[in-house]
There are 2 protein chains.
Amino acid sequence: MTDSTPSPNPATLWGRTLADELAAGGLEAVCIAPGSRSTPLTVAFAEHPEIDVYSHLDERSSAFFALGRARRTGEPTALICTSGTAAANFHPAVIEANQARVPLLVLTADRPPELRDSGANQTIDQTKLYGDAVRWFAELPEPEADERKVRSLRTTAARALAETGGPEPGPVHLNCPFRKPLEPTELPGSVPESFAETLAGRGREGPFVDVDRGDVTLELERARPVADALANADRPLIVAGPADPADLRDFEPDRAVELAERIGAPLLADPLSGLRFGPHVEDGPVYGGYDAYADAVVDPDVVLRFGASPTSKPLRHALRDADARQFLIDPAGAWREATFTATDLLAARPESVVEAVLEVLDGLETDENGTNDAWRSRFDAAERRHWKLRDDARTRDALAETPFEGAVLASVLERAPDPATIFVSNSMPVRDADRFGKPRDADLTVLSNRGASGIDGIASTALGAGSAADEPLVVVTGDLAFYHDSNGLLAVDRCDVDATIVLLDNDGGGIFHKLPIEEFDPPFTDQFKTPHGLEFDALADLYGLEFESVSPGGFADAYERSLERTGTQVLSVSFDAETSHRRREELARRVSNAVERDE
Amino acid sequence: MTDSTPSPNPATLWGRTLADELAAGGLEAVCIAPGSRSTPLTVAFAEHPEIDVYSHLDERSSAFFALGRARRTGEPTALICTSGTAAANFHPAVIEANQARVPLLVLTADRPPELRDSGANQTIDQTKLYGDAVRWFAELPEPEADERKVRSLRTTAARALAETGGPEPGPVHLNCPFRKPLEPTELPGSVPESFAETLAGRGREGPFVDVDRGDVTLELERARPVADALANADRPLIVAGPADPADLRDFEPDRAVELAERIGAPLLADPLSGLRFGPHVEDGPVYGGYDAYADAVVDPDVVLRFGASPTSKPLRHALRDADARQFLIDPAGAWREATFTATDLLAARPESVVEAVLEVLDGLETDENGTNDAWRSRFDAAERRHWKLRDDARTRDALAETPFEGAVLASVLERAPDPATIFVSNSMPVRDADRFGKPRDADLTVLSNRGASGIDGIASTALGAGSAADEPLVVVTGDLAFYHDSNGLLAVDRCDVDATIVLLDNDGGGIFHKLPIEEFDPPFTDQFKTPHGLEFDALADLYGLEFESVSPGGFADAYERSLERTGTQVLSVSFDAETSHRRREELARRVSNAVERDE
């Protein structure tokens, strides 16, 4: 603090101490929505030199932006809002953060305790507002220049930050009551001079409490049965599901590929696993087309799984139907396996399991090379069929002008710059990325809100992710998701993020054509497909984005042009949902027939 | 059910039974957002002839629309969504419904119990998702053709509806797990023929369980001390705060006015009380300008209060500072009085208190007429000063082209058609309506989201209110609120609601100029005022609204033209927040000086 800074009042003391302690603990970014009660927090974080502030006007979008940033970096992002329903607008993103294990630190300002349940304005019950969706909830004590309170405040801040990043990272909620004055006006005598020192923590570098958490690693002895099972398997398989942010940050794909090679296992890499794209796929047994052929080909006897449940339903069903020993790796021991076919849970970091198993295998005198050639060949053949037929369909469709959204996803991933962050929306884009995104030797970070699979915060999450990485950002979204978080587009300007937004506009919920409800109309069209007729160029105008209507055939070129430009472009590609769905089905049949003939 | 309807599967049976029972209990409207897991509910409600369906694409907006409808009618509106974060998007509106006592019935579809916490897709913990913000939470049993289960289902539906409308109306949450098939495909043998009868309830008209709830009325004997205190008061006062929807529906303003006349009490009517506007104000002692003069004039010795805490902060402070006996009427006994100066809580319906007190007064041989003339005269004088100076300022400002938002609110209420629904946003519009909206002999229903005072669902709540009343709808909103719920504007088209939307655009949070943080810049401009530069004509284009930029001086005419047209117009009036705020302050000083001179 400089000498010119007025001495803090209790609220200011609280805000500054929190910001100071969190910055010392490594917090780098905060998303803030304007509000009065949160003034002490807003002022303190805005003036802190080591914390980047992203300002948002809609708390729902703000929370998803913070989520996206934390998802991309694996590091906690903080959120600040005023009292009242502002805090409830964070709830969807908090749930996604919970389920996708994204570290978020939610700071909700509150009115003083005596005003709760008193009919006071803008005062709601914020205690445990997010229920069990947070790793930890704490209510801060009322601001006061009391030494024990300040020590507890610093300890609580350090603890809250640490709790976002345990074996199961996730959101933490601190409720922060403040009374007036909220702004940094002096309140003589309220905070004695001596507290300037307290403000400086312990007078050493770093946080008030250093938190070191032991890692959850598998002991060698425990890895032996796993290695044995894999080494002796006839049809071993490695399945990499959607990765947590911490996995994306820490996992070494090369080592997983090496393990797959060693045991002769195909490695099925979810588009969100961090393993489908990267240098390691060049010669390794990394497969991405299984969504098309899992039914006919995926029949393992030993499976090693990590990450969340795979995006691919055919793969999930094939794993369900396999008569296999299935090792499920999850450092949080959280049983993310909804078909209930796992036989062994390995509660340890995936990389530690891979390392331990490799070390055990080194000591085994097995010559497994070649033993599984036939097994691997089946995947090779199916994979060749799938990508060949995909490309045939793209060529044919381009000529016939009857393309489908899957072809766009194929181009998006095939032509994405190296490196790039690609954010795919739920509903169809993530499924199409799964089926049509071919493994590629490029550093693509493919992300989605796959924790709870909502379409409620797509633009914001994507832009938040983009704000954290110095590389191109591509967002692929359907029209319903684009509408749902249209407010999030304000961040392009306010938070200075550039993106290429690919808008797959089929005027409603195309995914419902995949479901049996399609046969019942009414209510299919009015209540499920819900065509809206929105013309999104007006939305682009509102937020100062360049808007381009692109024919499906012209998409690839428009996409490459956009990637070369600065600013944010919306490339809108229109599809008829039903036609597009039929094309998808037709291609699926073709692949399925071809693969079955091979088998 | 017609013969051609296929026999239901268990999910269909559940959906139909719920819709049937709720319709029998009087439910008239439901807001539905598209989703797969909610298919059994959506299909059943959409096909029910007695339930109106409003389809929305953003669950947050959907919930606020339902809230608005229920707020306008006092009758429950239902909400349906699919599993996952969709349900969390309801949270802000559920909190508002809780605090503002609006009956809402939330039906969240869920995946079957065995899939929870299993890593299954789009599956979150929906149990007690809204915490204590609902009157009742229940988890429906899994659909099955079991007689006891079906009886419990009908009983639960009847009970849920009843719980939305007790002495403290509010939201109720039913979580509804479903397993496939979700659509009305036959599943032979799953629901025996005999269940067709069960489907028809008890084979009589009306609900399966008739719910009659005794009303909370004040006994005559208990009213006697209240009547005595009021009759013997030197400076009695009646304060009508914001009304609950049930009050707006059932309360008779004439009787409150009669009571005020009888005891010589000024009746201070909040703009949201249902008492500021209507035929009863013509000759009764109804005052609306107190926000400007409470400090100098409001000094009662006995107060009768009903409704929520008044919008006016000067009034709240004057009541806090008065040395008075204060009777607080609240049928829910919920102590909505954050200055903690109430001396007596009357937990009974306001109309029953008014009737009982009038009846007691009839029996008293008092001649109170004239005893309080001086007291009433002070209010008359202050009121005259206030409205005169308001109108002088409007005239002068119109000439000088330096108007302020308050002048617009004055015109909105003064020139509103009779009858009309006027929805005013939080932040400044509701405060300006309070200070500048003169009592008027016209049936204006003035509403706001004053339970939690959020700006997060203004357009939707307003349009929901408009959907329920066959009269013009006027919405007054600031630019931040307009942006925040821009998605809600889709309801203009999808739900076929016409409105005149008055957009007070001062490019950011003008209210922050009222607060001391104004003096601290940075961070004032970037983090509080948050100018965004959005040009809302593009937003109007997106949603097919007519957009008109209106100068403050030309507002009144443009407003009247809009009211004569069909379709929805956005009348955008631009203000400089700071200038506008200074004008407000200046006028306040003038009124205050004039009133103090009089005193």
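About the thresholds
Residues numbered from 1 in each chain as written. Chains lettered and ligands numbered in written order. Predicted model: local features only at pLDDT ≥ 70, side-chain atom pairs only at ≥ 80, totals over all residues. Heavy atoms only, no water. UniProt positions renumbered as here; feature names shortened; annotations may be inferred. Helix = DSSP H or I, 4+ residues; strand = E, 2+ residues; numbered from the N terminus. Rg over C-alpha atoms; globule rule 2.2 N^0.38 Å. Buried < 20%, exposed > 50% of the residue type's maximum accessible area, 1.4 Å probe, protein only. Contact = heavy atoms within 4.5 Å. Areas by Shrake-Rupley, 256 points an atom, 1.4 Å probe, with all protein chains shown as cover. Axes fitted to C-alpha atoms, helices over the stretch in contact; angles between N-to-C directions. Left-handed = near helix turned anticlockwise from the far one by under 90°. Nonpolar A, V, L, I, M, F, W, Y, C, P; charged D, E, K, R; others polar. Buried area = accessible area lost by both parts, 1.4 Å probe. Salt bridge = Lys/Arg side-chain N within 4 Å of Asp/Glu carboxyl O. Least-squares fit on C-alpha atoms with pLDDT ≥ 70 in both. Pairing = 2+ DSSP bridges. Domains from an automatic or database assignment. Polar contact = N/O pair within 3.5 Å; in protein donor to acceptor, adjacent residues only side chain to side chain. Phe/Tyr/Trp six-rings, centres within 6.5 Å; stacked < 30°, edge-to-face > 60°. Arc of directions from axis to C-beta.

Looking at an unreviewed UniProt entry, one finds chain A named 2-succinyl-5-enolpyruvyl-6-hydroxy-3-cyclohexene-1-carboxylate synthase, with Natronobacterium lacisalsi AJ5 as its source organism. In the Catalytic activity (unreviewed entry) part of its UniProt record, chain A is described as follows: "isochorismate + 2-oxoglutarate + H(+) = 5-enolpyruvoyl-6-hydroxy-2-succinyl-cyclohex-3-ene-1-carboxylate + CO2". Comment text from UniProt for chain A, heading Function (unreviewed entry), reads "Catalyzes the thiamine diphosphate-dependent decarboxylation of 2-oxoglutarate and the subsequent addition of the resulting succinic semialdehyde-thiamine pyrophosphate anion to isochorismate to yield 2-succinyl-5-enolpyruvyl-6-hydroxy-3-cyclohexene-1-carboxylate (SEPHCHC)."

(A) Region of the structure containing the overall build of chain A. Helix and strand counts for chain A stand at 23 helices and 18 strands. Expected size for 599 residues packed as a compact globule is a radius of gyration near 25 Å; at 26 Å, chain A falls within 12% of this value. Split into buried and exposed, the 599 residues of chain A put 63% on the buried side. Counted over contacts in chain A with a minimum sequence separation of 6, partners at least 24 positions apart contribute 76%. Carbon together with sulfur atoms contributes 44% to the accessible area of chain A, which is approximately 21,100 Å² in total.

(B) Layout of the packing of helix 10 (residues 253-263) of chain B against helix 13 (residues 350-363) of chain B. Residues and elements named next belong to chain B. Running from amino to carboxyl end, helix 10 crosses helix 13 at an angle of 35°, the nearest separation of the two axes being 10 Å. Of the two elements, helix 10 crosses helix 13, and the hand of that crossing is left-handed. Mapping the contact onto sequence places Arg255, Ala256, Glu258, Leu259, Arg262 and Ile263 in helix 10 and Val354, Glu355, Val357, Leu358, Leu361 and Asp362 in helix 13. Residue composition of the contact of helix 10 with helix 13, by class: 7 nonpolar, no polar and 5 charged.

(C) Focus on the interface of chain A and chain B. In this complex, chain A contributes 79 residues to the contact, which on the side of chain B involves 80 residues. Summing both partners gives a buried area of about 6,300 Å² for chain A against chain B, and 60% of it is carried by carbon and sulfur. For chain A, the biggest contributors to the area lost against chain B are Tyr483, Gln527 and Leu542 of chain A; these three give 11% of the whole. At the surface where chain A touches chain B, the tally comes to 2 salt bridges.

(D) Structural detail: unusual backbone geometry. The linkage connecting Asp418 of chain A with the following residue, Pro419 of chain A, adopts the cis geometry, with an omega of 0°. With respect to the secondary-structure elements, Pro419 of chain A resides in the loop between helix 15 (405-414) and strand 13 (420-424). In this model, Ser453 of chain A sits at a positive phi of 60°, which is unusual for a non-glycine residue. In this model, Asp117 of chain B sits at a positive phi of 55°, which is unusual for a non-glycine residue. Relative to the helices and strands, Asp117 of chain B is located in the loop between strand 4 (104-110) and strand 5 (136-139).

(E) Seen up close, the relation of the copies chain A and chain B. Placing chain A over chain B gives an RMSD of 0.0 Å and needs a rotation angle of 180°, together with 0.0 Å of translation along the axis. Such a combination of rotation and displacement between the chain copies is what one expects of a two-fold axis. Distance from the rotation axis, computed per C-alpha, reaches its smallest value in chain A at Ala538 of chain A: 2.6 Å.

(F) Quick look at the sheet that holds strand 9 (residues 286-287) of chain A. Residues and elements named next belong to chain A. On the basis of which strands lie adjacent, the open sheet formed by 6 strands has the order 9-8-7-10-11-12 and parallel pairing. Strands with a single pairing partner mark the edges of an open sheet, and in this sheet they are strand 9 and strand 12 (344-346). Here strand 7 (residues 236-240) pairs with strand 10 (residues 302-306) via 5 bridges, running parallel. From the neighbouring strand, Pro236 faces strand 10, where its bridge partner is Val302.

(G) Representation of the domain arrangement of chain A. Residue and element names in this part refer to chain A. Under the domain assignment used here, chain A contains domain 1 (10-203), domain 2 (220-374) and domain 3 (401-598). Look at where the C-alpha atoms of domain 1 and domain 2 centre, and you get two points 40 Å apart. Listed per partner, the contact involves 12 residues of domain 1 and 9 residues of domain 2. Here domain 1 packs against domain 2, burying approximately 750 Å² in sum over the two surfaces, 50% of which is carbon and sulfur. Remark: the boundary between domain 1 and domain 2 carries 3 salt bridges. For the salt bridge of Arg101 with Asp244, the shortest nitrogen-to-oxygen distance reads 3.3 Å. Linking domain 1 to domain 2 there are 4 residue pairs in polar contact (both at pLDDT 80 or more).

(H) Region of the structure containing the packing of aromatic side chains. If you walk through the whole model with that rule in mind, you get 18 aromatic pairs over all chains. Between Phe251 of chain A and Phe306 of chain A, the ring centres sit 5.2 Å apart and the planes meet at 50°, which makes this aromatic pair tilted. Residue Phe251 of chain A is located in the loop between helix 9 (245-250) and helix 10 (253-263), and its partner Phe306 of chain A is located in strand 10; the two are separated by 55 residues in the primary sequence. With respect to burial, Phe251 of chain A and Phe306 of chain A carry one shared label: buried. With a centroid separation of 6.3 Å and an interplanar angle of 75°, the aromatic rings of Tyr293 of chain B and Phe379 of chain B are classed as edge-to-face. With Tyr293 of chain B in helix 11 (residues 290-297) and Phe379 of chain B in helix 14 (residues 373-400), the pair connects residues that are 86 residues apart, well separated along the chain. On the basis of relative accessibility, which here comes to 0%, the residue Phe379 of chain B falls in the buried class. Following the ring pairs from residue to residue traces out a cluster consisting of Tyr287, Tyr293, Trp375 and Phe379 of chain A.

(I) Broad picture of helix 12 (residues 313-321) of chain A. Residue and element names in this part refer to chain A. Of all the residues in helix 12, the buried ones are Leu315, Arg316, Ala318 and Leu319. One face of helix 12 carries all of its buried residues, which in axial projection span an arc of 160°. Considering only its buried residues, helix 12 is in contact with strand 7, strand 8 (267-269), helix 11 (290-297), strand 10 and strand 11 (325-329). At the N-terminal boundary of helix 12, the capping side chain belongs to Ser312, with an oxygen 3.0 Å from the backbone nitrogen of Leu315.

(J) How the structure looks around the UniProt feature "domain: Thiamine pyrophosphate enzyme TPP-binding" (unreviewed entry) in chain A. Per the UniProt entry, the sites bearing "domain: Thiamine pyrophosphate enzyme TPP-binding" (unreviewed entry) are residues 459-571 of chain A in this numbering. Taken end to end, residues 459-571 of chain A is 37% helix and 18% strand, and its first and last C-alpha atoms sit 14 Å apart.

(K) Quick peek at the environment of Leu389 of chain B. Residues and elements named next belong to chain B. Mapped onto the secondary structure, Leu389 falls in helix 14. C-alpha of Leu389 to C-alpha of Val591: the two residues are 202 residues apart in sequence and 6.7 Å apart in space. If sequence neighbours within four positions are ignored, Leu389 has contacts with Leu587, Arg590, Val591 and Ala594.

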